[in-house]
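Given next are the chains, with one letter for each unit.
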Amino acid sequence: MTDIVFEKATIGYLRTKPLIVDVDLVLKPGLHILLGPNGSGKSALLKTVAGLISPLYGRVLVDGIEPYKERRRKVAAVVGITWQDPYYGFVEPTVRDEVNLILRQLRARGNTDVADRLVPQQLWDRDPFSLSGGEAKRVSLASVLVADQPVWLLDEPFDNLDLDGVRRVSEIVREGKQRGKNIVVALHNPFYLEVVESDSVLIVDKDKRSLDVFKGGEVDDSVLERYGVLSRRMICR
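Residues numbered from 1 in each chain as written. Predicted model: local features only at pLDDT ≥ 70, side-chain atom pairs only at ≥ 80, totals over all residues. Heavy atoms only, no water.

Participant: Help me understand helix α3 (residues 95–106), please; the structure alone is not making it clear to me.
Facilitator: Given 3.6 residues to a turn, an α-helix orients residues that are three or four positions apart in the same direction. Burial in α3 covers these residues: Val 95, Glu 98, Val 99, Leu 101, Ile 102, Leu 103 and Leu 106. Looking at the buried residues of α3, the elements they touch are α2 (72–76), α4 (112–118) and α5 (133–145). Looking at the residues trailing α3, positive phi occurs at Arg 107, about 55°. (Buried < 20%, exposed > 50% of the residue type's maximum accessible area, 1.4 Å probe, protein only. Helix = DSSP H or I, 4+ residues; strand = E, 2+ residues; numbered from the N terminus. Contact = heavy atoms within 4.5 Å.)

This is the structure in structure tokens:
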């Protein structure tokens, strides 16, 4: 089982003010939803766990290592991170090559069932940059989750997806949780709290630059609005 541990960690980018300060937290395997206003530091937190940026202060550990101090291949075998903009990570000429890239890099068999469920058959030979937003999101997710890492960091995984896409992604996330993965999902739309059953909800307080933890998946609308997060009743107005 792979824990994510924050030890007095301050999250942010160099030469800018810290976004989230003094985080002391242990995330056990399960599903954790990360909420917060735009610019509050959700993506920066995911990038820190993935080792793409270092904490400004303190430490973040994944399976006992500080990922930002390790070689990318070693970290990528443990942590899979997907991008909010699905086109950001595309480098290969076809969808098939894009999905297989991480398996070649890690020399891993992975879990090709995930890719088959996410990517429609007619897309495999397409240029990734020719895809619609929803199609690109499916391929972007498949190109990471196919490696079947113990930690999944998903930045807005439901954006641009149709109903079938939302169902498939939510099923894969649910099954990943059942298989003991540690999954952190950053969201801006609280509707998806109803789609996936989380073990905790993490909300960034942008004013205090803190990360507050709510156990279980139930957070009422008044709490969301207090943090400046879009609430379900606001969506329904």
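Participant: Before we go on, may I ask you to explain the sheet that holds strand β1 (residues 4–11) in this structure?
Facilitator: Think of a sheet as strands paired side by side through backbone hydrogen bonds, with each pair either parallel or antiparallel. Ordered in space as β2-β1-β4, the three strands form an open sheet in which the pairing is antiparallel. Where the open sheet ends on each side, the last strands, each with one partner, are β2 (20–27) and β4 (57–62). On average, each strand axis in the sheet is inclined to that of its neighbour by 15°, with strand direction left out of account. Bridging between β1 and β4 involves five bridges; their strand directions are antiparallel. For Glu 7, the partnering residue across the bridge sits in β4 and is Arg 59. Along the sheet, helix α1 (residues 42–49) contacts β1, β2 and β4; its crossing angle with β1, the most-contacted strand, is approximately 125°. (Pairing = 2+ DSSP bridges. Axes fitted to C-alpha atoms, helices over the stretch in contact; angles between N-to-C directions.)

Participant: What is the right way to read the sheet that holds strand β7 (residues 182–187) from this model?
Facilitator: Ordered by their spatial adjacency, six strands build an open sheet running β5-β6-β7-β3-β8-β9, and the pairing between neighbours is mixed. Across the chains shown, the open sheet's two edge strands, defined by having one partner strand only, are β5 (79–82) and β9 (210–215). This sheet shows a mean twist of 15° between the axes of neighbouring strands, independent of strand direction. Pairing of β5 with strand β6 (residues 151–155) involves four bridges; the strand directions are parallel.

Interpretation note: all reported values are geometric properties and have no functional meaning in isolation.
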